[in-house]
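Here's the letter readout for the chains.
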Amino acid sequence: MLKAERQDAITKICTERGTVTVSDVAGELDVSEMTVRRDLEELSAVGKVERVHGGARSITGKRGLAIPREFSHDEKRQIHKAEKQRIARMAASLIRQGDTIFLGTGTTIETMTQLLPKGRLRVITNSLPVFNLLEDHDDFDLCLVGGLYRPHTGAFVGPMAEEAVSSLGIDKAFIGANGILEHAASTSNMEEGKLQQLVFDKADMRYLVADSSKLGKRDFYTFYDLVQVDGLVTDDQVTPEQREVVEQYTQVIS
């Protein structure tokens, strides 16, 4: 297969599937992963696909609205502030004194730190910003999960983080999502998604926290099915149509 034909095939696969991994494309086209990576870099440079960690996604997307890029932590802090405050308040109201909770990464979760109930709590997090916001709370037992650090989100991820989480007992987990499309919650980074999946699997109660702008959108890595979560905590801007879709799979808490 000529290079031009191969790259046309890769673009077509991305368009049909929305997102693809390097290994999937290499297997389907019977070429090396190194060749696929080079092709994806070239296709990304000319705007035919968007490069993401571990693969690529379609610029237009097949289903739902693809998230164009991973926003920086500072950018996320500046958007949907009122909605995040409401979501954080609703999520914090689900926590009881004595709970062992997991707080994931993201600015909505960070807002929750100001609203946690008084009294004894055991708080586990893989977010350095969350840890920094809580480190002076003497009434909390605070556990920071270490591992490979992602400065873009302030998260610790990877095998070390996963090993630490695998031995923990968690009453309630609160995890953010970049996109929620139909029954799938997704994020932009595979390593973060894998840890989020493991945390939810370990938790007795599982809550997604996401503002309504995330509904109907998808990101690169799907980490959990809405059927398996206890609720989506979102803001009051969710439309009746959006609520109806989500409530096929889990409850909406707004």
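Structural data are supplied above this passage.
Bear in mind the structure is a predicted one, so any value in this text is a computation, not a measurement.

J.: Can you walk me through the nonpolar core in this structure?
T.: Burial of nonpolar side chains together is a common tendency in soluble globular proteins. Ranked by internal contacts, the top residues of the largest apolar core, which has 30 residues, are Phe102, Ile180, Val199, Phe200, Leu208 and Phe223. Ranked by residues supplied to this core, first place goes to helix H9 (residues 190–202) with 4 residues. With residues near it in sequence (within four places) discarded, Ile180 still touches Leu208, Ala210, Lys214, Leu215, Gly216, Lys217, Leu226 and Leu232. Ranked by size, the runner-up nonpolar core spans 20 residues in total, among them Ile87, Phe140, Val233 and Ile253.

J.: Can you help me understand the packing of aromatic side chains in this one?
T.: For any two aromatic rings, the description comes down to two numbers: the centre-to-centre distance and the angle of the planes. Taken as a whole, this structure holds 3 aromatic pairs when the rule is applied. Residues Tyr149 and Phe156 carry aromatic rings whose centres are separated by 5.1 Å and whose planes lie at 45° to one another, so their mutual orientation is tilted. For Tyr149, a relative accessible area of 36% puts it in the partly exposed group. Accessibility expressed as a relative area gives 14% for Phe156, which makes it buried. The interplanar angle of 15° and the centroid separation of 5.3 Å between the aromatic rings of Phe174 and Tyr207 together place this pair among those described as stacked. In this pair, Phe174 sits in strand E10 (residues 170–176) while Tyr207 sits in strand E13 (residues 203–209), placing the two residues 33 residues apart along the sequence.

J.: Explain the environment of Gly147 here, please?
T.: Structurally, the position occupied by Gly147 is in the loop between strand E7 (140–144) and strand E8 (148–150). What makes Gly147 partly exposed here is its relative accessible area of 24%. Placed 21 residues apart in sequence, Gly147 and Asn126 show a C-alpha to C-alpha distance of 8.5 Å. Other than its neighbours up to four places away in sequence, Gly147 contacts Phe156, Val157, Met160 and Ala161.

J.: What exactly am I supposed to notice about helix H5 (residues 81–92) here?
T.: Turn by turn, an α-helix covers 3.6 residues, leaving residues three or four places apart pointing in a common direction. A rise of 1.5 Å per residue sets the reference length of H5, with its 12 residues, at 16 Å; its end C-alpha atoms lie 16 Å apart and thus fit the reference within 8%. Burial in H5 covers these residues: Lys84, Ile87, Ala88, Ala91 and Ala92. Taken end-on, H5 shows its buried residues confined to a sector of 125°, consistent with a single buried face.

J.: What am I meant to see in the packing of helix H1 (residues 3–17) against helix H2 (residues 22–29) here?
T.: For any two helices packed against each other, the geometry comes down to the angle between their axes and how far apart the axes lie. Running from N to C, H1 and H2 cross one another at 125°; their axes reach a closest spacing of 11 Å. It follows from the interaxial angle that H1 and H2 lie oblique. Relative to H2, H1 is oriented so that their crossing is right-handed. In contact with Arg6, Ala9, Ile10, Ile13 and Arg17 of H1, H2 contributes Val25, Glu28 and Leu29.

J.: Is there a simple way to think about the pattern of salt bridges in this case?
T.: Side chains bearing opposite charge may pair, as long as their charged atoms lie close to each other. Applying the stated criterion to the full structure yields 12 salt bridges. Of the charged contacts in the structure, one is a salt bridge between Arg57 and Asp219, with a shortest N-O distance of 2.3 Å. Placement of Arg57 in strand E3 (residues 55–58) and of Asp219 in the loop between strand E14 (217–218) and strand E15 (221–225) is noted, with a sequence separation of 162 residues between them. Comparing Arg57 with Asp219, the two get one shared label, buried. For Arg86, the salt bridge identified is with Asp236, shortest N-O distance 3.9 Å. Of this pair, Arg86 sits in helix H5 while Asp236 sits in the loop between strand E16 (231–233) and helix H10 (240–246), and the two are 150 residues apart along the sequence. Overall, the relative accessible area of 27% leaves Arg86 in the partly exposed class. Salt bridges linked by common partners bring Glu50, Arg57 and Asp219 together as one network.

Thresholds applied
Residues numbered from 1 in each chain as written. Predicted model: local features only at pLDDT ≥ 70, side-chain atom pairs only at ≥ 80, totals over all residues. Heavy atoms only, no water. Core = buried A, V, L, I, M, F, W, Y, C linked by side-chain atoms within 4.5 Å. Buried < 20%, exposed > 50% of the residue type's maximum accessible area, 1.4 Å probe, protein only. Helix = DSSP H or I, 4+ residues; strand = E, 2+ residues; numbered from the N terminus. Contact = heavy atoms within 4.5 Å. Phe/Tyr/Trp six-rings, centres within 6.5 Å; stacked < 30°, edge-to-face > 60°. Expected span 1.5 Å × (residues − 1). Arc of directions from axis to C-beta. Axes fitted to C-alpha atoms, helices over the stretch in contact; angles between N-to-C directions. Parallel < 35°, antiparallel > 145°, perpendicular 65-115°, else oblique. Left-handed = near helix turned anticlockwise from the far one by under 90°. Salt bridge = Lys/Arg side-chain N within 4 Å of Asp/Glu carboxyl O.

On their own, these measurements won't tell you what the molecule is for.
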